[in-house]
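In case you want the letters, here they are:
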Amino acid sequence: MAFFISSIVQITVLYFGLLITASLGKENWDTCHFGSVKCLCQKGKGQTNLLKADCSNRGLRSVPVFSSNVTWIDLSNNRIYWINNWFPSNVTYLDLSRNSLYRLYGHPFRGLYNLKTLNLERNQLNQTYFYEGFFDDLHSLTELNLKSNIPTYIPHGYLNDKEYSKLKSLQTLKMDGIGSLTFGKGFGRLEKFQKLDVSGKTGNCSFERISKDMFLYTPRLVYLDVSACNILEIEEGAFGNLKYLEHLDVSFNQHLGFWSLPNITHDLNKTSIKTFLAKGINCLAGMSGTILKRSLQYLQNTKISEINFEKNKLEHFELGLLRVLPDTLTTISMGEMELAQGIFVTDYFLFQNRQFYNISLQMRSIPYQTFDSHCKHDRYRPRMSIEYFNWLEYDNEQREASSSTFISRKKWKDQFLVTFEFPKTLNVFHGNMSRLYGDIPEFKINAPGLREIYMQDNLLYSWDGPVHGIENIEIANLSNNFCSHISKSFLEHARGLRILLMSKNNLGRSLLNDVGGEIFRNTVSLEFVDLSDNNITVLSAHMFNNMNQLRALNLRKNQLLTVNVKMKHMRNINYINLEQNRLATIESESRTLFKRLFQTSKLVIYFSENPILCSCDNIDFLEWITINRLHFQDFFHYNCSFSSSHEFNFMSVMSAKASFTSMKETCKSSIGIYMYIAIATGVLFLLSIVVGIVLVKKIKCNNRNAETSV
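Below is a short write-up of the structure.

1. Comments concerning the state of the cysteines
Point 1. Per the stated rule, a full pass over the model turns up five disulfides.
Point 2. Sulfur-sulfur distance for the disulfide between Cys32 and Cys41 comes to 2.0 Å. Looking along the S-S bond of the Cys32-Cys41 disulfide, the torsion reads about 70 degrees, which is the right-handed sense.
Point 3. Relative accessible area serves as the criterion here: at 13%, Cys32 is assigned to the buried category.

So, in structure tokens, the structure goes:
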């Protein structure tokens with residue numbers, strides 16, 4: 001999943017998870033001393049006599065003398081420039097990364113027969129110059145990290161493979177890819193060697209060519225990362241002898257270009273390839289590229305499950321390209337490209353085993369590059385083949401036949417609807433920022449496995465629908481689509497929807513006219529709804545009537561003046577965001593409703609940046625919010641509006657209570673004065689009436705007397 005729940009919640013959970021893990025870890029470590037050096041130590045599980053020693057970030061210039069019961073040592077981030085003391089023979093983990101080591105004289109790892117992990121990353125070592133006997137005692141070493149040391153040209157294109165061959169248990173080697181790197185015959189003796197990382201993303205890598213014999217003596221590799229190495233050319237079939245290869249990453253070698261793909265994929269059908277990453281292999285300063293079917297034809301008879309072409313300048317690919325790929329492929333990622341809308345997109349929907357599609361971020365601008373960024377892959381580009389021109393003149397009938405395989409008109413309740421056929425196994429679709437423009441009419445999708453759909457950051461300005469066949473979708477993101485209209489039937493079939501994100505649109509008018517709450521009447525499974533930043537002025541009382549499962553409601557950054565939505569049925573709700581609206585108060589009926597929810601749930605209301613009215617007319621609300629302050633996030637940062645007649649200090653509990661008491665007394669006095677004035681006014685009014693009546697009678701009496709005398 002990828003958004004509030006995928007982007008925000010996952011990142012938040014990860015952050016707090018790491019924070020909690022780190023804090024718990026520190027609590028289990030005690031201060032210890034090795035000579036004059038102060039470190040942190042932790043007792044081993046089960047065997048209390050064994051220790052882990054963390055002496056990182058101590059400013060050390062030399063290695064302290066460790067006791068014989070230390071089995072795990074971290075000396076990273078110091079200033080150690082030579083190893084003057086031997087390590088305990090029981091050590092299994094040794095981290096000397098980020099120091100100043102430049103020579104390792106005197107067999108510093110002598111006797112470390114149990115060492116499994118050795119990290120020498122970010123020092124000043126020459127990985128090509130390890131003298132005879134350097135690795136003699138490292139019989140158990142499974143992982144060696146030599147990344148980010150001094151860039152050095154490797155003499156004759158070979159490492160000292162005779163010395164590396166002594167690492168009989170080695171499984172993972174991380175090193176810099178410098179010069180004409182080739183792995184000699186000695187590596188053929190490493191029967192457990194499965195993972196090789198020479199990536200320039202985490203170290204130094206500058207070799208420009210991968211020859212056919214570069215990995216001739218590493219036939220057991222399962223994982224190979226040659227990303228970000230400034231590679232210009234890969235010889236045809238360079239990976240063909242890697243029978244067990246499952247993961248290949250050639251990403252961010254921007255001078256390779258798409259024209260190198262036939263060479264890269266050649267003979268991959270002889271491997272066990274499952275994951276192929278080719279992100280950013282096309283120069284961004286050049287012209288948009290095209291991928292032809294022959295570029296991936298050697299993947300046809302493999303069991304590959306994931307292909308990633310993200311961050312390339314790819315405009316289109318040959319129709320039928322994806323159809324040469326095997327049914328084992330479950331994940332295709334083409335995000336952050338410049339894909340145009342063309343008939344070739346029909347290929348997306350022709351596979352029945354696809355679980356994840358990513359064609360997002362097509363509108364993202366290309367990162368700036370200087371004008372001297374040359375696309376060196378142009379020099380290796382072959383002439384365009386007849387196949388390429390045949391593709392440009394692809395027969396229209398074939399195009400129509402291709403599109404009809406995933407778009408059809410099917411009868412649905414006495415009417416024919418346009419129906420999109422998706423792979424049955426597809427469960428995630430990313431189409432965000434993909435240049436999609438227009439309204440969403442009534443149509444049907446046939447995607448029984450689809451659970452998550454992300455269509456945010458497009459220009460889908462009117463949601464008419466209804467969309468049929470979406471009963472199984474659980475997460476939908478339609479945020480930031482400049483939408484100003486949603487019909488009352490658009491979500492008619494979204495009964496399984498749990499998370500709905502519709503922020504940054506303009507749905508206020510549509511919601512204003514939905515007095516009966518028809519838009520959301522069938523969304524009975526919703527747990528989270530985001531309607532923030534939608535210019536909403538009024539929500540009808542029945543808007544969320546059927547959302548019994550709702551846990552979180554985001555109405556932030558709207559124009560709400562009142563909150564009168566019925567929520568009594570929302571027994572699971574624990575988050576309501578009303579920030580940045582125009583709420584001066586919460587009405588009595590809503591306060592009663594919230595009070596009940598406070599008693600039955602852990603409801604937290606976000607109410608910041610609202611123009612709270614601090615006046616005698618609103619004193620009941622001020623008292624209520626002060627009493628229930630624990631349910632209002634950032635209560636102590638609330639402020640009165642400029643139109644308030646009184647001051648109210650929210651800064652602390654005491655100040656809020658004092659403000660309320662003072663305001664209550666002031667309002668009582670004001671009420672007394674108003675009552676006196678009202679009584680006096682009433683008395684004067686009555687007196688005026690009496691006087692008036694008396695005067696009228698007197699006048700009438702005088703008139704009668706005058707008539708009698710006449």
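Don't stop here, the text continues.
2. Focus: the packing of aromatic side chains
Point 1. According to the stated counting rule, one finds 29 aromatic pairs in the structure shown.
Point 2. Taking the centre distance of 5.7 Å and the plane angle of 85 degrees together, the rings of Phe109 and Phe134 count as edge-to-face. Linking Phe109 in the loop between β5 (93-95) and β6 (117-119) with Phe134 in the loop between β6 and β7 (143-145), this pair joins segments that are 25 residues apart in sequence.
Point 3. Exposure remark for Phe134: the relative accessible area of 4% places this residue in the buried category.
Point 4. Centroid distance Phe520 to Phe544: 5.9 Å. Interplanar angle 50 degrees. Geometry classified as tilted. Of this pair, Phe520 sits in the loop between α6 (508-512) and β31 (528-530) while Phe544 sits in the loop between β31 and β32 (552-554), and the two are 24 residues apart along the sequence. The two residues Phe520 and Phe544 agree in class, both being buried.
Point 5. What links up through ring pairs into an aromatic cluster is the set Phe594, Phe598, Phe607, Phe621, Trp624, Phe632, Phe635, Phe636, Tyr638, Phe648 and Phe650.
Point 6. Just above the ring of Trp72 sits the side chain of Lys52; from NZ or CZ to the centre is 5.5 Å.
Point 7. Positioned above the aromatic ring of Tyr223 is the side chain of Lys195, whose terminal nitrogen or guanidinium carbon lies 4.6 Å from the ring centre.

3. Considerations on the environment of Lys168
Point 1. Mapped onto the elements of the fold, Lys168 is located in the loop between α2 (161-164) and β8 (172-174).
Point 2. Classification of Lys168 by relative accessible area gives partly exposed; the value is 45%.
Point 3. Through-space distance from the C-alpha of Lys168 to that of Leu141 is 7.8 Å; in sequence the pair is 27 residues apart.
Point 4. Residues within four places of Lys168 in sequence aside, it is in contact with Arg189, Leu190 and Lys192.

4. Thoughts on the nonpolar core
Within soluble globular proteins, side chains that are nonpolar generally end up buried alongside one another.
Point 1. Ranked by internal contacts, the top residues of the largest apolar core, which has 88 residues, are Phe87, Phe109, Phe215 and Phe239.
Point 2. Within the residue set of this core, elements represented by two or more residues are β1 (30-34), β2 (37-43), β3 (51-54), β4 (70-74) and α3 (261-265).
Point 3. Ranked by the residues each element gives to this core, the list is headed by β2, at three residues.
Point 4. Those residues in contact with Phe215 that lie beyond four places of it in its chain are Phe183, Leu196, Ile210, Leu221, Leu224, Val226, Ala238, Phe239, Asn241 and Leu242.
Point 5. In this structure, Leu450, Ile470, Leu526 and Leu555 belong to the second largest nonpolar core, which totals 72 residues.

5. Here we look at the environment of Gly111
Point 1. Within the element layout of this structure, Gly111 appears in the loop between β5 and β6.
Point 2. Residues Gly111 and Trp86 lie 25 residues apart in sequence; the distance between their C-alpha atoms is 8.7 Å.

Each value, and the rule that gives it
Residues numbered from 1 in each chain as written. Predicted model: local features only at pLDDT ≥ 70, side-chain atom pairs only at ≥ 80, totals over all residues. Heavy atoms only, no water. Disulfide = S-S within 2.5 Å. Buried < 20%, exposed > 50% of the residue type's maximum accessible area, 1.4 Å probe, protein only. Phe/Tyr/Trp six-rings, centres within 6.5 Å; stacked < 30°, edge-to-face > 60°. Helix = DSSP H or I, 4+ residues; strand = E, 2+ residues; numbered from the N terminus. Lys NZ or Arg CZ within 6 Å of the ring centre and 35° of its normal. Contact = heavy atoms within 4.5 Å. Core = buried A, V, L, I, M, F, W, Y, C linked by side-chain atoms within 4.5 Å.

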